[in-house]
Amino acid sequence: MTEAPVAIAAGVQAGPEISVVVPCYNEVGNVGPLVAALERALAGRRWEVIFVDDNSPDGTTAAVRAIAQTDSRVRGLCRIGRRGLSSAVIEGVLSSSAQVVAVMDGDMQHDESRLGALVDAVQSGACDVAVGSRHVEGGDNSGLANAWRHALSDSGIKLAQMILPVRLGDPMSGFFALRQDTFARIAPHLSGTGFKILVDLLLSSPQPLRVQEIACGFRERLAGESKLDALVMLQFVALLADKLCRGWLPLRFVAFAVVGLIGIGTNLLVMQAVRALGADFSTAQGIGTVVAMIVNFQLDNNFTYRDRRLRGVRCVWGLLLFMLVCSVGALANVGVADMVYNQNREFNEASVAGALIAVVWNYAMSSTIVWRP
């Protein structure tokens, strides 16, 4: 049943029909040019732009506020203690009351002149999601900085196409539009991790979404630095795995366990190297353990807990706390393994039980103490 339109009181201006959500980090040089570009692209329409900034140290939020003081179409959300493009998009879209929301990057690489076509495709009912695509006739991908970034993007596209429920030439696109109520309906099912919110949306929707691709170009960055790197792609692979597992296996725990395995390998390599230099077993084991903890901390800080990454002095204190947590985990490992072995005299079962207790302890304490949400 169609809801009756809400009457607008005399003298009260109607809200925007379109909200453009721009997740950003360190994009101070692009805020002004992007607002000016949106004003040209959306002339004659009621629109607003919502910059969702993860407390950028370069003053991005201050630049947004300065413009918002004289332009009511500009809004800013500054997030403190939270990081990540996907979660920023979710918060921005859910803060909108417009009928249609569009998502685009804050780096001026998306062709804002195509926004009208994206919005029109959604408003006409031709599709649920209109995607600005670089990989249909008329699209252009030349704005990617180098061959390495082209390779990362192409690999992500092929991976996503293997499991998406719809045909899509450019699933890695960060430029798309859909109805706000469609997004709100899917939002409780989103993982909210990583950088590829479009793939998350398509895989999380209870029913397959109708998708239409609109050709668009991808320009060179105007200012700032690209965030696309190998770790972003690893997060993307983790997102795909999470959706394939339907969320029953926490991907952060899997990443933590994989990092732990890398730490074991590091421990063994360092221990053998130190022993080859003439050190006794205890010394070699101690050095190997400390190096492994440092390697594990760096990997977890930059990958497993990338959205909660510690920096500066907090990183130093985090490392010390992480080493303390892991030391307690090691004691628990030995204690549980010894208890199980004394009960059934099965060496393998005892070792597995001890290792499981240690990894669960380390993960739980790391998530709640070292990398607090």
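The structure presented is a predicted model; accordingly, all values stated were derived computationally and were not measured.

Description of the packing of aromatic side chains
This model, assessed by the stated rule, comprises five aromatic pairs. Look at phenylalanine 256 and tyrosine 363: their rings are 5.6 Å apart centre to centre, the planes differ by 65°, and that puts the pair in the edge-to-face class. One end of the pair, phenylalanine 256, is in helix 9 (residues 251-276); the other, tyrosine 363, is in helix 12 (residues 347-370), and 107 residues separate them in sequence. Take phenylalanine 256: its relative accessible area is 5%, and that puts it in the buried class. One aromatic cluster in this structure is built from Phe297, Tyr305, Phe322 and Trp371. Between arginine 83 and the ring centre of tyrosine 25, over which it is positioned, the NZ or CZ distance is 4.1 Å.

So, the pattern of salt bridges
One side chain can pair with another of opposite charge once the charged atoms of both are near each other. What the rule picks out here adds up to 11 salt bridges. Residue arginine 79 is joined to glutamate 91 by a salt bridge in which the shortest nitrogen-to-oxygen separation is 2.9 Å. In this pair, arginine 79 sits in the loop between strand 3 (74-78) and helix 3 (85-94) while glutamate 91 sits in helix 3, placing the two residues 12 residues apart along the sequence. Residue arginine 79 is classed as buried on the basis of its relative accessible area, which comes to 2%. Taking relative accessible area as the criterion, glutamate 91 reaches 29% and is therefore assigned partly exposed. Members of the salt-bridge network, linked through shared partners, are Asp54, Arg79, Arg82 and Glu91.

Quick look at a nonpolar patch on the surface
Together, Val313, Val316, Trp317 and Leu320 make up a nonpolar patch on the protein surface, roughly 460 Å² of accessible area in all. Position of leucine 320 among the secondary structure elements: in helix 11 (residues 312-344).

Details of unusual backbone geometry
Backbone geometry places asparagine 55, a non-glycine residue, at a positive phi of 55°. Its place among the elements puts asparagine 55 in the loop between strand 2 (47-53) and helix 2 (60-68). One non-glycine residue, methionine 108, adopts positive backbone phi at about 70°. Assessed through its relative accessible area of 11%, methionine 108 is described here as buried.

Definitions and cut-offs
Residues numbered from 1 in each chain as written. Predicted model: local features only at pLDDT ≥ 70, side-chain atom pairs only at ≥ 80, totals over all residues. Heavy atoms only, no water. Phe/Tyr/Trp six-rings, centres within 6.5 Å; stacked < 30°, edge-to-face > 60°. Helix = DSSP H or I, 4+ residues; strand = E, 2+ residues; numbered from the N terminus. Buried < 20%, exposed > 50% of the residue type's maximum accessible area, 1.4 Å probe, protein only. Lys NZ or Arg CZ within 6 Å of the ring centre and 35° of its normal. Salt bridge = Lys/Arg side-chain N within 4 Å of Asp/Glu carboxyl O. Patch = residues over 30% accessible without salt bridge, like charges linked within 9 Å, V, L, I, M, F, W, Y side chains within 5 Å. Areas by Shrake-Rupley, 256 points an atom, 1.4 Å probe, with all protein chains shown as cover.

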